[in-house]
Each structure stands twice: as structure tokens, then as C-alpha cells.
Amino acid sequence: MQLVVGGVLNGLSFGFILFLVASGLTITLGLMRTLNLAQGAMYMIGGYIAWALAAHFPGGFWIGLLVSGVVVTGIGLLIDLLIFRQLANDLPGVILGTFGILIILTNVVDWVWNSEPKGPAVPEVLGGSVSILGVHYPVIRLSALAFAGSLALLLWFVQERTRLGSLVKAGVDDSEMAQALGINVALTGRVVFAIAAFVTGLSGAFGQALTGLTTDIGLTTLLLALIVTILGGLGSLEGALVGSIVLGLAQAFGTVWFPEYVAVVPYAIMIVVLAVRPTGLFGKLHTRTG
Amino acid sequence: MVVGEQPALAPQVPRRGLLAKALSFDSAAWVALIGAIVVTPFIFGNVGITLAQEILVLALLGVAVDVLHGYAGLPSFGQGAFFGASGYAAGELIYRLGWDNPWQVAVAAVALSALLAAAFGLIALRASALYFLLITFAFGQLLATMASQFQIFQTPGVAGITGITFTEAAPGVEWTSDVVYWITAAVTVTLLAVLTIVLRSPFGFSLLAIQEMRRRMEALGFNTWLLMYVAFVVSGAIAGVGGVLHAYANGIAVPDDLGVVTSAEGLLVILIGGSRRIGGPVLGAAVVVLLQYAASFVLPTRWPLAIGALYVVAAFWTKHGLAGLIVAAKSRATSSGKDQHALTTDVSTLREGGAEADVV
Amino acid sequence: MMNLNRRVLAGAVCALLLMVACGGGSSPQANGGTISIGAILPLTGPFSFFGQIFLKAINLRLKEANGEVAGKKINLIVADDANDLTTAQAKARELVENDHVAALMGPFNSSLLTGITPYLKAHKVPTIAIESTPIEATQSGWVFCPQGDLAQIAYPMGLYASQVLHLKTATLIAPNYIAGWRIQAGFTQGFREGGGHVIQAQWTDLTTTDFSSYISNLKQADAVVSWFPATEVTFLKQLTVVNKSKNLLAYGNGLSDTQMQQLGDPSLGIQTSIQYVWDLNTPEAKKFADQYKAEYNTLPTVQNDEAAYEDLSVILEALKSTGGDTNPAKLRSAILNLNFKGPAGQVSFDKSGVGIRDFYIVRVDKVNGKLTWVADKTYVGVRPITKPIDKDAIVG
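Definitions and limits used
- Residues numbered from 1 in each chain as written.
- Chains lettered and ligands numbered in written order.
- Predicted model: local features only at pLDDT ≥ 70, side-chain atom pairs only at ≥ 80, totals over all residues.
- Helix = DSSP H or I, 4+ residues; strand = E, 2+ residues; numbered from the N terminus.
- Buried ≥ 20, exposed ≤ 12 C-beta atoms within 10 Å, placed from the backbone.
- Contact = placed C-beta atoms within 7 Å.
- Rg over C-alpha atoms; globule rule 2.2 N^0.38 Å.
- Axes fitted to C-alpha atoms, helices over the stretch in contact; angles between N-to-C directions.
- Parallel < 35°, antiparallel > 145°, perpendicular 65-115°, else oblique.
- Left-handed = near helix turned anticlockwise from the far one by under 90°.
- Pairing = 2+ DSSP bridges.
- Nonpolar A, V, L, I, M, F, W, Y, C, P; charged D, E, K, R; others polar.
- Expected span 1.5 Å × (residues − 1).
- Core = buried A, V, L, I, M, F, W, Y, C linked by C-beta atoms within 7 Å.
- Domains from an automatic or database assignment.
- pLDDT = per-residue confidence, 0-100.

**Structural notes on the overall build of chain B**
At step 1: In terms of helices and strands, chain B carries 13 helices and four strands.
At step 2: By the burial criterion, 57% of the 360 residues in chain B qualify as buried.
At step 3: Taking as baseline every contact in chain B between residues at least 6 positions apart, the subset at least 24 positions apart corresponds to 76%.

Okay, structure coming up:
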């Protein structure tokens, strides 16, 4: 029982944080038909900045959340300006450009903070544990769950109940038709990308309090987010959410049931899903274009 | 690849024999390539051999990526999978089965890569360029993860397979790094020559045409899926050749050979050196390898930054690549009216991937 | 037409020449008044912070020797392995075949060292491992490990836990690769000798820093014994929020002083086994600490600060005893015959080249308001463990 409760909570808290990163990736893919390989690096920057503030200033964690969000949004805008706009239809160019930014950001982080792993910087008020169904569980993980969960809800609300959301859905569903109807899909994409950057920064800031920081999370986070995106379906928030939760739970229970293979589990799940539904769980993109 | 767009019409090209077509401008490039290969060990010694070896192997990877990207219009971010798989196959054959014949091992390893491509191609080819990119990326990383997690892919205590070496290259010829270099050089030059011919043949042109006029091609009776599938398998095999030579040169197979960094390098090579150009992959590979080498002297602890910068620069410099620049300069020099026209068309349709005449 | 291509070719050749001239292989002769010594360090990549620490230690030792040994000038060549096996192999080849190094230090990552050991053996290059290695690496005869083998370094902690702390049960956790297996095997061997037994052993994914599932899965035992090469701080932080059991580190290089401050008070009382403590009450330790402080304006508080210093010492002492003769066989036997006292205590080698040395059980305590390791007990002359317990035989 203890294992199940712990596993579910672990899986959900990890999953929701992952969702925040994956959501940005999937919407960018679905709406702008382009891929930002630096998304994981943005998560990493958010983490390091928040950590730097949280570890050295009292109250730094909360300031850190905001600062991370802003800084990462700035990075996102730069990527948009320098890469997406300049290389509009050039997918390989965008791939290489954002990959280069991933490498640069990773090495900048190494330069500023060195590559020694950093311990989680948890604000004191969230530093204890509570008893849930007989299990001692860290408050910080519950807070992460609540925080990321609320953000997820907010994103869903924006998608389903606001004008921006309907623009996004239209753009993902049928970009040409949307443009024919006068919707500025490109501008919508840009706005959404900025929002996604902010959310990614926030998730990095909170995530560091759970798992600490290393210099390779730029790439590892990207890989997980990508797997979630593929198996959830490009352009689908619901898909990203389901995918993240499934991955989170699989990771949490996998470490107990098949510890030696847990690293391969996300890929295995992705393959199984693709075998059944080639476009991912909620995928809307047509399989062939042109 | 937007539906309904009219492709640019290709200018009329005088018909020439395949061989002649393939080797015309390029004769100078071939001379340069073979010259550089032969001269390097004598001028630059061991360091030169190591670097030249890396360049040739990376060029092969680049060619593999180009077959898919430049010709079939499928940007793959996972050719590392096939590059690394053959290296691992070679390693396992030697380490676990005790094979000691480099030719047998190479053939088996490349065959495995091709088979892997044949299997994976069935899944990967369902999709648009974007989806294809993601899927190939995931596949390469899946293999890399398996290689670093599962002990069956490791020599004990090592994150990889070591001992990829042989006693003899041929009866009486000891297996040394020099011998490996010459083998690599011979194989690479031969393969490049063969591919040049193949890609300038109707097969190559069909691939190009699929990029832009897929529905028309199908209406004309071409089995476009099959053409792309063949390209995918061929690409996997070429990457496999590169991978096996890489493993032979280093004596090692590591998980990174399979993953995104290797795959990205393949794409980088093509974008810097030039897609669909003879010498493009070699030039691109030379830039990547030499820059990395130079950077490690100039920035001993920060050279990866230079690599990152190279990627960003390459992203913008994707119009023609180095080889394209050379072609353009050459055409200006000869200033033939027909060439100019072809070049203009060529340049303007390069991004849209129009059916290109490759007139030079 | 031909002009352009010739120009291109010429340009390429010039560029190539330039590149090589900038860097490439110098070949100092070992017996021309200069001795070349190589060091393969992780200057980039995830262990770059270790690489910098080792570089500092090596440079300090070099300075102390005034850049010469046995009347000859030392030419130290440092190469970056980028934590990549292919790169490590290439750099080893360059150092051995182009630079003709008399001896080598590193690579640090024992997986890389094991990978290039066949090459080192074939070319008879005396190599000093930086930090511990699996026992197999030393069986080649050309790799020496003064810091001890992976099982040996955790053995004292196991002994102490059962014999002095009187703990009966332990649950182990470490990453799932050879270093993790061997370190925990060493702990287990010592623990069993004192009457304890291991009730659980978890092997984590290599790159993860989310230990929540492993922590949820911990069985109740007298102590949680962990080892992670650099992420102890993250594990301990996640652990101490929900688990108040006794925490031991099977081996202590995974928690630096900086990280201790990040962990804060939960780190108090954590104990581990280590080869070096900076405030040992010996003249050698004091001298080293003073020199380090004078050169780098900080105290050498962590194991890693001393390891590479000791490694270069081994090479230099051996060269002193051969009178500057770099003949591999002579150098090899000189190393095996060494018996010297360094900042970490007495160091000698067993017949296969693994260090026999003292280990210190240390504990985290506050000294002048700052958290740091404090020595509790010394185990003198700990010997290598030639047959470590198999990973699957640890529990029970």
C-alpha cells in the first residue's frame, strides 16, 4: 500500500512537471510545424536561475520562480526572432539552430555554475513531510503536483475557453483553412511560443526543488518531452498530459518492478502506442502531406 | 510542401551519358579528394591520418543523411542509429563470437544496419517530414539508451564495446592504423563514385521529383513509397559502412555513436558542405572535424561552445553549402548563358526542392 | 575552371597545415633532458568540475617539484577526454605515439580507463589511475591505482558500521554500473565481517536525479548506505525529508563541502570512509594544506583535491628512484617498490599495483560554523580486495 501511494504521488508529480515542458513542445509542433530542440535547455536555465536565487537568498525561491519565467521567456523570444522567423520553412535549419542553442546554453550553464550537481533548493515552508495514508511524503513534491496541476488546468482553460485557444486549435487542425479565414496563424504561434517559454521556465524553477540540477538535464528533459509529444500526438495538450502522466507513473513503478530497464520504458511505451495509433494517442496531424 | 503549389519547370538539359554527366565538373573535385587522401599521411603524419580518417567516415554519414534529406526530402535526425549499429555489430561479432576476418565482419555489420533500416523504415515512412524527423530522433536515442543500459552491449566494466581489432587485414598484411586508413579511403572513394552515378540516374531524379511532385509522380505510376523505402535502406547501409570504418579506426563502439549527437553531425555536415553536391559531404565533414580539432587548442575547456556556434551558423548557411558556393563561383567564371539560367532556377528552387537538373 | 579548383585545393591544404601547426604532435625525446608526462582529464563534460580539481592538484605538485625530476625537465601534457571513450582512446594514442610520454595519469572515469587499458598494456605505458578503479583494470600490470580498488575503499565503512556502530542491518543504494556494484560489495564485505547483513540493494538508473521511487521502496534497516559519484546531495536531500534513519555513505567522494552546505543540517552525523582528510595531524598533511591554501586561496577539503597530487607524486618518486630512466619495465618496478608518506598517509603497492593505504572514517560536523568532514577513526594498511562480492550476492 505504501508503495502504491508513494508510486502514484511520485509519478503524478513528475508527470505534471514534465507536462509543462512537453506542452510547449507539442503546441509548437502542431501550430508552427517546427521543433524547438532547446526546449529542455530552457527548462534547465529556469532551474539554474531559480536555484541560484533560492540557494543564496531567503525567499529566493519565490522570486526565482518569477525571474526564471521572465528570463526563459526572453530566451524564447530570442529563439523565435533569430531562428523561427529567419528560417521559416527550413526544418533542418531550425533543427540545427536550436540544437546549437542547446549546446551553447548547456556550456554557458557549465561556465557560470560549473558542472558539479546541485542539491535541490527547497524553500523552508515547503521543506517538511506530511503523512498520507500512512506514508511520509515530501511537501515539496505535493506542492509541485499542485503547482503544475494548476498550471495545466490554466493551459487547458486557455485552450478551451478563450479566443486564443480557439485560434490555436484552428491552427493545429487545419493551418491553411485557418489562414484562409483570416487568422494570423504565425502570430498566434509566436504568442503561444512565448507563453510556453514562460511555463517552461516556471516548471524548471519548481523542478529543481525536486531533483536538483545537473548539466545534462537540457538534453534529457528534451528527450522525455519529445517522447511524450510523439506518443500523445503532435499539437495535442490532452495527449501531452496523458502521455506525461503515463510516463511518470511508468517511471515511478518501473524503478521498483524492472529497475534495470527503466530507462528504456518511455521508449517502449511510445513504440506500443505508435503501433496501435500511428499518429499518437490524440494525434491530429495527417500522416502524409504534399 | 504545400498542396497545390506548382513546381518550377526544369530547364531543358542536353542529354549526356551517365558517366560523363557524373564525372564532368567533378573530375577536379575527385582529383582534389584523392590527392588530399594520398598526400595527408606523408605531410601530416599520424595526426593527419587520424583527422583524415574521421573526415572520411563523417563524410559517409553525411552522404547517408543526404540521400534521405537532399534527394528523398526526408530530413532524418536518426542516421546515427545505423551508423552506430554496425559498429556495435562488429564489436559483438568479434567479442562474443570471436570472428577475426575484417571483411566478413564488415559485410555482416553493414548488412545488419541495412536490415535495421529495412525494419524501421516500415514505421518511419508513414509520415510527413516533421513526424519523420521526430521518429528517427526517437529511434536513435532508443538504441543509444539500450546500448548504455544493457550489459549485453558492453565489454565488462566499459560503457561500450572495445577490442574491435584484428590480427590481419589480409594474409601477410598486419592490422595497423595505417592499413585501416587506406581501407577507409578506398572504400569511401569507391562508394562516393558509385553513389554519384546512382544518384544522377533516373532513380536519383525520381527521388528528387517525389520531394515536390509526389501526387503527380504517383499519378504517373511511380510507387513513391517504394522509392523512398529503397532510399531509406540504402541510406542505412551507407551509414553502416561509415560506422564500421569508424569502429575499425577507433577499436571501440560507444552509445554516443547511436544517438542524437552523431545524427546531428550528419545533418550538420550536409548543411555546411552542401546537399546534392559532389564533394559536399567531404567538405562539410572537413570543416566539422578540423574546427573541432582547432577549437580544442584555442578553448581547451570551452570548445563545445564553438561547436554550438557552428550549428547555429550552419542553420543560416543552408542555402547552398560550401560545394554550392564553389559551383556558383565556377559558373560565374565560365559565364555561359545557359548555365546562368540553370543556376538561377537552381538557386530559387533549392529551398522548395524543385526537380533539379544539376547541370554542371 | 581548373584555376578555381586548384585554389580551393590549395586553400584547403593551407588551412589543414595551419590547424596542425597550431596544435599537433611535438615529439620531445624522453632522454634528451626532458621527460614527458601525460594527464588525461575530463576538462569538458559532466565531470569537468572534477577535471579542474585534478588539474589544480597536478599543477601544485609540479610547482613543488620546480618542474623537474632527477635533473631533467618535466613536460606535462594535459588532454581532455570529454568523458567520452573514443576521445580518451584518441588522446591516449596521441600522448603515447606522438608525445612519447614516459607515464600517464587518468582517465578519471573508470569505465574509460578500463576501455583503454588494453591499449596501455600493449604499448607498455605505466598509467596511474586517478581515484579508484575496478580491480580488473590493475590486473593488466600497467595500470596502478594508489587510491585503492573500488571495493577496498568502502570496506572500512562496512567494518566500522558493524564493529563500532553495532549496526545489524543495512539497505544499500548505488548506481547500476561497475563502480556502484564494487563499492557496495566492499561495504558488504566489511559489514558482514562485523556480523551485519544487507537486507536490500537497489541499483539506480545511471543518470536519474529523481530518487523518489527508490526512497519509497526502502526497507526498514539500521542504516541507509548510499554511494553516488556526485549526486549524493540530491539523494540525501530527498531522503532526509521523509526518512530519519542513520545515513552512511559507502565511500565519501560523492559529497563535496560545497554540496554539504547545500544540504545543510541534515548532513550532520553522516559518516563515510575516505582516503584523505585535510586536517590530519601529520606534517605532510599540514604542509600540503598550507601550500594549497597559498596557491589557490582555499583549503583542500575534499578527497579529490589530494588524489591527483598523490598520483603525480607516485610518478615523480618512481622517476627519482630510476634516476630519470624512463624505461617502462624499470619504471614499473620502481612504482611497485614505492613506499612513501604523503598528505594522506602511508602509501605502498601490492604486487599488481593497487595501493595499500590508510583509510579514515569521517563524519560531518560543524567546524567554526561550517559543515565539513571530521576524522573519527583510522584503519591502517587496508589491502586491496582481489575478489569482490558479486553484485547479486550482496543481499543476504
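There is more to say after this.
**Considerations on the overall build of chain A**
At step 1: Each helix and strand in chain A was counted, giving eleven helices and two strands.
At step 2: The order of helices and strands in chain A, counted from the N terminus, is α-α-α-α-β-β-α-α-α-α-α-α-α.
At step 3: Taken over C-alpha atoms, the radius of gyration comes to 19 Å for chain A, in line with the 19 Å a tight globule of 290 residues would show.
At step 4: Seen through its principal axes, chain A has C-alpha atoms that stretch 55 × 40 × 35 Å.
At step 5: Burial statistics for chain A: of 290 residues in total, 60% are counted as buried.
At step 6: Long-range pairs, those at least 24 residues apart, make up 76% of the contacts in chain A with a sequence separation of at least 6.

**Topic: unusual backbone geometry**
Residue and element names in this part refer to chain C.
At step 1: Here the residue pair G106 and P107 is connected by a cis peptide bond, since its omega of 0° sits within 30 degrees of zero.
At step 2: Here A70, not a glycine, exhibits a phi torsion of approximately 50°, which is positive.
At step 3: For E131, which is not glycine, the phi torsion reads 70° and is therefore positive.
At step 4: Relative to the helices and strands, E131 resides in the loop between strand 5 (127-128) and helix 5 (135-138).
At step 5: For E131, a count of 27 C-beta atoms within 10 Å gives the class buried.

**Quick look at the packing of helix 4 (residues 102-124) of chain B against helix 5 (residues 129-149) of chain B**
All names here are of chain B.
At step 1: Interaxial distance between helix 4 and helix 5 falls to 10 Å at its minimum, and their mutual angle equals 140°. One finds that helix 4 runs oblique with respect to helix 5. The way helix 4 lies across helix 5 gives a crossing that is right-handed. Residues F120, I123 and A124 of helix 4 lie in contact with helix 5, whose contacting residues are F132, I135, T136 and F139.

**Quick notes on the sheet that holds strand 1 (residues 34-41) of chain C**
Residue and element names in this part refer to chain C.
At step 1: Spatial ordering of the open sheet is given by 2-3-1-4-5-6, a layout of six strands whose pairing is mixed. Strands at the two margins of the open sheet, each flanked by one partner only, are strand 2 (68-69) and strand 6 (143-144).
At step 2: Two strands pair when backbone bridges link them, and strand 2 and strand 3 (residues 72-80) are joined in this way by two bridges, in the antiparallel orientation. Bridge pairing in strand 3 places E68 opposite K73.

**So, the interface of chain B and chain A**
At step 1: Listed by partner, the interface residues are 38 residues for chain B and 35 residues for chain A.
At step 2: Where the side of chain B that touches chain A is concerned, the elements lending two or more residues are helix 5, helix 9 (260-273) and helix 11 (303-316) of chain B.
At step 3: Top element by residues in the side of chain B that touches chain A is helix 5 of chain B. It accounts for twelve residues.
At step 4: Taken together, the residues of the side of chain B that touches chain A break down into 27 nonpolar, seven polar and four charged.

**A short note on helix 10 (residues 280-298) of chain B**
At step 1: With 19 residues, helix 10 of chain B extends 27 Å between its outermost C-alpha atoms, agreeing within 8% with the 27 Å of an ideal straight helix rising 1.5 Å per residue.
At step 2: Of the residues making up helix 10 of chain B, those classed as buried are G280, P281, V282, L283, G284, A285, A286, V287, V288, V289, Y293 and S296 of chain B.

**Some thoughts on the nonpolar core**
One broad rule of soluble globular proteins: the nonpolar side chains tend to lie buried together.
At step 1: By size, the foremost hydrophobic cluster in this structure holds 333 residues, and its most contacted members are I227 of chain A, A138 of chain B together with I183 and A250 of chain C.
At step 2: Of all the elements, helix 2 (residues 26-71) of chain B adds the most residues to this core, at 21 residues.
At step 3: When residues of this core are sorted by domain, at least three fall in each of domain 1 (28-149 + 280-353) and domain 2 (155-274 + 359-393) of chain C.
At step 4: The contacts of I227 of chain A, once residues within four sequence positions are left out, are L247, P266, Y267 and M270 of chain A together with A138 of chain B.

**Quick look at helix 4 (residues 91-113) of chain A**
Residues and elements named next belong to chain A.
At step 1: Between its first and last C-alpha atoms helix 4 spans 33 Å; for 23 residues at 1.5 Å apiece the expected length is 33 Å, and the two agree.
At step 2: Counting buried positions along helix 4 gives 18 out of 23 residues, so the element sits mostly inside the fold.
At step 3: Once helix 4 ends, the next one or two residues include N114, with phi positive near 55°.

**Observations regarding the environment of G171 of chain A**
At step 1: Tracing the sequence through the fold places G171 of chain A in helix 6 (residues 163-173).
At step 2: Separated by 141 residues in sequence, G171 of chain A and G30 of chain A have C-alpha atoms that sit 8.0 Å apart.

**Digging into the environment of L206 of chain C**
At step 1: Turning to its location among the elements, L206 of chain C is positioned in the loop between strand 8 (197-204) and helix 8 (212-216).
At step 2: Contact partners of L206 of chain C, with chain neighbours within four places excluded, come to P175, N176 and Y177 of chain C.

**Some thoughts on the pairing of strand 14 (residues 355-367) of chain C**
Residues and elements named next belong to chain C.
At step 1: Judged from the four bridges that link them, strand 11 (residues 271-274) and strand 14 form a sheet pairing that is antiparallel. By the bridge assignment for strand 14, I274 is matched with Y360.
At step 2: Pairing of strand 13 (residues 345-349) with strand 14, which is carried by three bridges, proceeds in the antiparallel orientation. From the neighbouring strand, S348 faces strand 14, where its bridge partner is I356.
At step 3: Two strands pair when backbone bridges link them, and strand 14 and strand 15 (residues 370-382) are joined in this way by ten bridges, in the antiparallel orientation. When the sheet's bridge partners are listed, I361 is paired in strand 15 with K377.
At step 4: Taken together, strand 14 and the strand that follows it, strand 15, pair antiparallel across an intervening segment of two residues, in which N368 is found at a positive phi of about 55°.

**What about the confidence of the model for chain A?**
Keep in mind that low pLDDT regions are not for reading the predicted coordinates in detail.
At step 1: Residues at a pLDDT of 70 or more form 98% of chain A, whose mean pLDDT is 90.
At step 2: When pLDDT is averaged over each helix and strand of chain A, the minimum, 85, is found for helix 7 (residues 175-180) of chain A and the maximum, 95, for helix 2 (residues 39-56) of chain A.

**Describing the packing of helix 7 (residues 202-219) of chain B against helix 8 (residues 224-250) of chain B**
Helix-helix packing is characterised by the crossing angle of the two axes and by the distance between the axes.
All names here are of chain B.
At step 1: At a minimum axis separation of 10 Å, helix 7 and helix 8 run at an interaxial angle of 160°. The angle between helix 7 and helix 8 places the two elements in the roughly antiparallel class. In the packing of helix 7 onto helix 8, the handedness of the crossing is left-handed. Every residue of helix 8 that contacts helix 7 at S206, L207, I210, R214, M217 and E218 is listed here: T224, L227, M228 and A231.
At step 2: Split into classes, the residues belonging to the contact of helix 7 with helix 8 amount to six nonpolar, two polar and two charged.

**Brief notes about the environment of G212 of chain A**
At step 1: Following the sequence through the fold, G212 of chain A ends up in the loop between helix 8 (185-211) and helix 9 (217-232).
At step 2: Separated by 196 residues in the primary sequence, G212 of chain A and F16 of chain A have C-alpha atoms spaced 17 Å apart.

**Thoughts on the confidence of the model for chain B**
Residue and element names in this part refer to chain B.
At step 1: Within chain B, residue pLDDT values average 83, and 81% of them lie at 70 or more.
At step 2: Averaged over each element, pLDDT in chain B is lowest for helix 13 (residues 337-350) (40) and highest for helix 3 (residues 80-97) (96).
At step 3: Under a pLDDT of 50 for its full length, residues 337-360 has, in the predicted model, 44 contacts with residues more than four places off or in other chains.
At step 4: The ipTM value of the predicted complex is 0.92, and its pTM value is 0.89.

**Comments concerning the pairing of strand 3 of chain C**
Residue and element names in this part refer to chain C.
At step 1: Sheet analysis places strand 1 next to strand 3, joined by eight bridges and oriented parallel. Across the sheet, G38 pairs through a bridge with I77, a residue of strand 3.
At step 2: The antiparallel hairpin formed by strand 2 and strand 3 contains two residues in its connecting segment, where A70 sits at a positive phi of about 50°.

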